[in-house]
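In case you want the letters, here they are:
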Amino acid sequence: MKAAEAACAVPAYHHYTPTAGLPALRAAIAQKTLRDSGLAVDPSQVLVTNGGKQAVSNAFTVLCDPGDEVLIPAPYWTTYPESVALAGGVPVTVPSDESSGFRVSVDDLEAALTERTKVLLFVSPSNPTGAVYPRVEIEAIGRWAVERGLWVLTDEIYEHLVYGSAEHHSMPVVVPELQDTCLIVNGVAKTYAMTGWRVGWLIGPPDAIGAATNLQSHQTSNVANVSQAAALCAVSGDLSAVAAMGEAFDRRRRAIVGMLNEIEGVECIDPEGAFYAFPSVKGLLGKEIRGRRPATSAELAELCIDEAKVAVVPGEAFGAPGYFRMSYALGDDDLAEGVRRLASLFAEARA
């Protein structure tokens, strides 16, 4: 906040600056990437974007020609398939469920591969499931992508939000051969809790970043300079505040999973990253609750808001009907109260 306030008084920040981002911020992002993931990149390989969403959109726009297919493991963040479609590509869902920890395998990807496949989207830790891929699986998937001649777009925005023995590994670090055909999405929204500042970035080979920069110059030009100054302060600092935030998330993660698994008809595996629980509510579908028989998780979510005043996102939004996404990025008391309300409501379920 202090960095942003100071930036407001700098006349140079009242004008347009380079589309790709303030040079100091691009250099800091490159240094941060080396520190946190072990990937060495030049600042020229960094494009600062208006949040992670623009980074995703820019990436698919420069990678996809009309009809190109993009493999998207499901459950997925709602923006991914829409960005592919807007770029003229074809989103191809690769499903997973709790039996695999919501992780897809090389065999799953191979089964979805066609002659039109151009890009693999890879996300770890995952929104909405909290799944974190172990290094051996990341290596296998990365080498498969290299062998198949695919581009990879990897979203690493939850890189520091991992719990227990889970570890984040950057795919182009694990599989160096991929670096010339891999784009990385990241930003300040999650690690630094700066969602409203709208600063993300895209990292990749010079030709792709150059094309994405040219595209952005005609879309939005540079990111707001005051936001960039705040992001520079964040990424240049240490991770002590991030560690404290992670401890709080871990506590809430264990609390929400424990409470959810005490509800009959609800099953929830431990999320290993991000800040979402993704419980199955299939055991409640079709049962009568306060005069209604929700047949889908979307209908059950409507019942939750109507009767318990608790908002959840149904799995249909993520290509995974039968589940809820529930964020634990809120206060401990509010979290407990919300799950208690759901438990009370679901206790009325009758066959």
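Refer to the structure presented above.
Notes on the structure follow. By convention here, each chain's residues receive numbers from 1 onward along its written sequence. Selection of residues for local features in this predicted model requires a pLDDT of at least 70, selection of side-chain atom pairs for listing and counting requires 80 or more, and totals for whole chains, interfaces and linings are taken over all residues. The basis for the side-chain values is all heavy atoms of the structure; hydrogens and waters are excluded.

## So, the overall build of the chain
Worth spelling out the cut-off: Strands here are runs of E lasting at least two residues and helices are runs of H or I lasting at least four, both read from the DSSP assignment and numbered beginning at the N terminus. Both definitions apply: the radius of gyration is a C-alpha atom measure, and the globule rule equals 2.2 Å times residues to the power 0.38. Accessible area is worked out with a 1.4 Å probe on protein chains only. A residue is then buried under 20% of its type maximum, exposed over 50%, and partly exposed in between. Contact between two residues is taken to exist if any of their heavy atoms lie within 4.5 Å; hydrogens are not considered. For every accessible area listed, the method is Shrake-Rupley and the probe measures 1.4 Å; residues are considered covered only by the protein chains on display. His is not counted, nor are the chain ends, whereas Lys and Arg count as positive and Asp and Glu as negative. For the purpose of locating charges, the reference atoms are NZ of Lys, CZ of Arg, CG of Asp and CD of Glu.
Across its full length, the chain holds twelve helices and ten strands. Here the C-alpha radius of gyration of the chain, 21 Å, is about what a compact globule of 351 residues would show, namely 20 Å. Out of the 351 residues belonging to the chain, those deemed buried represent 53%. Expressed as a percentage of contacts within the chain between residues at least 6 apart in sequence, the contacts between residues at least 24 apart total 70%. As displayed, the chain offers around 14800 Å² of accessible surface, 53% of which is attributable to carbon and sulfur atoms. With 27 positive and 42 negative side-chain charges, the chain shows a spacing of 5 Å between the two charge centroids.

## A few points about the sheet that holds strand β8 (residues 276-277)
So the rule is basically this: Strands are treated as partners if at least two bridges between them are detected by DSSP. Only the stretch in contact is used when a helix axis is fitted, and all axes are lines through C-alpha atoms; the angle between N-to-C directions ranges over 0 to 180 degrees.
Strand order in this open sheet of three strands is β8-β10-β9, and the pairing throughout is antiparallel. Two strands bound the open sheet, and with one partner strand each, they are β8 and β9 (313-314). Running at roughly 45° to strand β10 (residues 324-327), helix α11 (residues 297-308) makes contact with β9 and β10 of the sheet.

## Overview of empty space enclosed by the protein
Counted only if it meets this: Using a grid of 1 Å spacing that covers the protein atoms alone, one calls a set of points a cavity when a 1.4 Å probe fits there but cannot get out, and a pocket when the set is open and has protein on both sides within 12 Å along at least five of seven lines; lining residues are those with an atom within 4 Å of a point. Grid points are joined across faces, edges and corners, and a volume is the space filled by probe spheres set on the points. Polar here means any residue other than Ala, Val, Leu, Ile, Met, Phe, Trp, Tyr, Cys and Pro, which are nonpolar, and Asp, Glu, Lys and Arg, which are charged; Gly is therefore polar.
A complete count under the given rule lists two cavities of 30 Å³ or more for this structure. Estimated volume of the largest cavity: approximately 120 Å³. Lining the largest cavity are 14 residues, with Pro-73, Ala-74, Pro-75, Val-123 and Ser-126 positioned closest to its centre. Going through the elements one at a time, β2 (69-74) and β4 (117-123) are the ones with two or more residues in the lining of the largest cavity. Of the residues in the lining of the largest cavity, the class split is ten nonpolar, four polar and no charged. The space that makes up the second largest cavity amounts to roughly 40 Å³. Lining the second largest cavity are Lys-32, Thr-33, Ser-37, Glu-156, Glu-159, Ile-184, Asn-186, Trp-201 and Ile-203. Looking at the lining of the second largest cavity, the elements with two or more residues in it are α2 (23-37), β6 (182-187) and β7 (200-203). The element that contributes the greatest number of residues to the lining of the second largest cavity is α2, accounting for three residues. The residue makeup of the lining of the second largest cavity, split by class, is three nonpolar, three polar and three charged.

## Section: the packing of helix α3 (residues 51-63) against helix α8 (residues 206-219)
Keep this limit in mind: When the near helix sits turned anticlockwise from the far one by under a right angle, the crossing is termed left-handed; a clockwise turn instead gives a right-handed crossing.
Direction vectors running N to C along α3 and α8 enclose 115°, while the axes themselves pass 9 Å from each other. As for how α3 packs across α8, the hand of that crossing is right-handed. Between α3, through Gln-54, Asn-58, Thr-61 and Val-62, and α8, the contact on the second element is made entirely by Ala-208, Ala-211, Ala-212, Leu-215, Gln-216 and Gln-219. Its residues assigned to classes, the contact of α3 with α8 comprises five nonpolar, five polar and no charged.

## Here we look at the pattern of salt bridges
The following threshold applies: Salt bridge, as used here, is a side-chain nitrogen of Lys or Arg placed within 4 Å of a carboxyl oxygen of Asp or Glu.
Following the criterion strictly, the structure yields 19 salt bridges and no others. In this structure, Arg-35 engages Asp-36 in a salt bridge whose closest nitrogen and oxygen atoms are separated by 2.5 Å. Connected via shared salt-bridge partners are Lys-32, Arg-35, Asp-36 and Glu-159.

## Overview of the sheet that holds β2
Pairing in this open sheet of seven strands is mixed, and the strands run β1-β7-β6-β5-β4-β2-β3 from one edge to the other. What marks the edges here is a single partner per strand, and that holds for β1 (46-49) and β3 (90-95). Strand-to-strand twist across the sheet, computed as the mean angle between neighbouring axes with direction ignored, equals 20°. Alignment of β1 against β7, held across four bridges, turns out to be antiparallel. Each bridged residue has a counterpart across the sheet, and for Leu-47 the counterpart in β7 is Leu-202. The strands touched by α2 are β1, β6 and β7; relative to β1, the strand with the most contacts, the crossing angle is about 115°. Sheet contacts for helix α4 (residues 79-86): β2, β3, β4 and β5 (151-155); angle to β2, the most-contacted strand, approximately 170°.

## Things to note about the packing of helix α10 (residues 240-260) against helix α12 (residues 332-346)
Basically, it comes down to this: The scheme is simple: roughly parallel for angles under 35 degrees, roughly antiparallel for over 145, roughly perpendicular for 65 to 115, oblique for anything else.
Two elements in contact, α10 and α12, have axes separated by 10 Å at closest approach and are oriented at 10°. Judged by the angle between their axes, α10 and α12 are roughly parallel. Classified by chirality, the crossing of α12 by α10 is right-handed. Along the contact surface, α10 presents Arg-251, Arg-252, Ile-256, Met-259 and Leu-260, while α12 presents Asp-332, Leu-335, Ala-336, Val-339 and Arg-340. Classifying every residue of the contact of α10 with α12 gives six nonpolar, no polar and four charged.

## Concerning the pairing of β3
Put simply, the rule is: Here is how to tell: hold the view so the strands point away, follow the path from the first strand over the helix to the second, and if it runs clockwise the crossover is right-handed.
Pairing geometry for β2 and β3, over six bridges, is parallel. Within β3, the position partnered with Leu-71 by the bridge is Val-92. Handedness of the crossover joining β2 and β3 through α4: right-handed.

## Section: the environment of Asp-250
Relative to the assigned elements, Asp-250 resides in helix α10. Each C-alpha atom of the pair Asp-250 and Asp-108 lies 30 Å from the other, and the pair is 142 residues apart in sequence.

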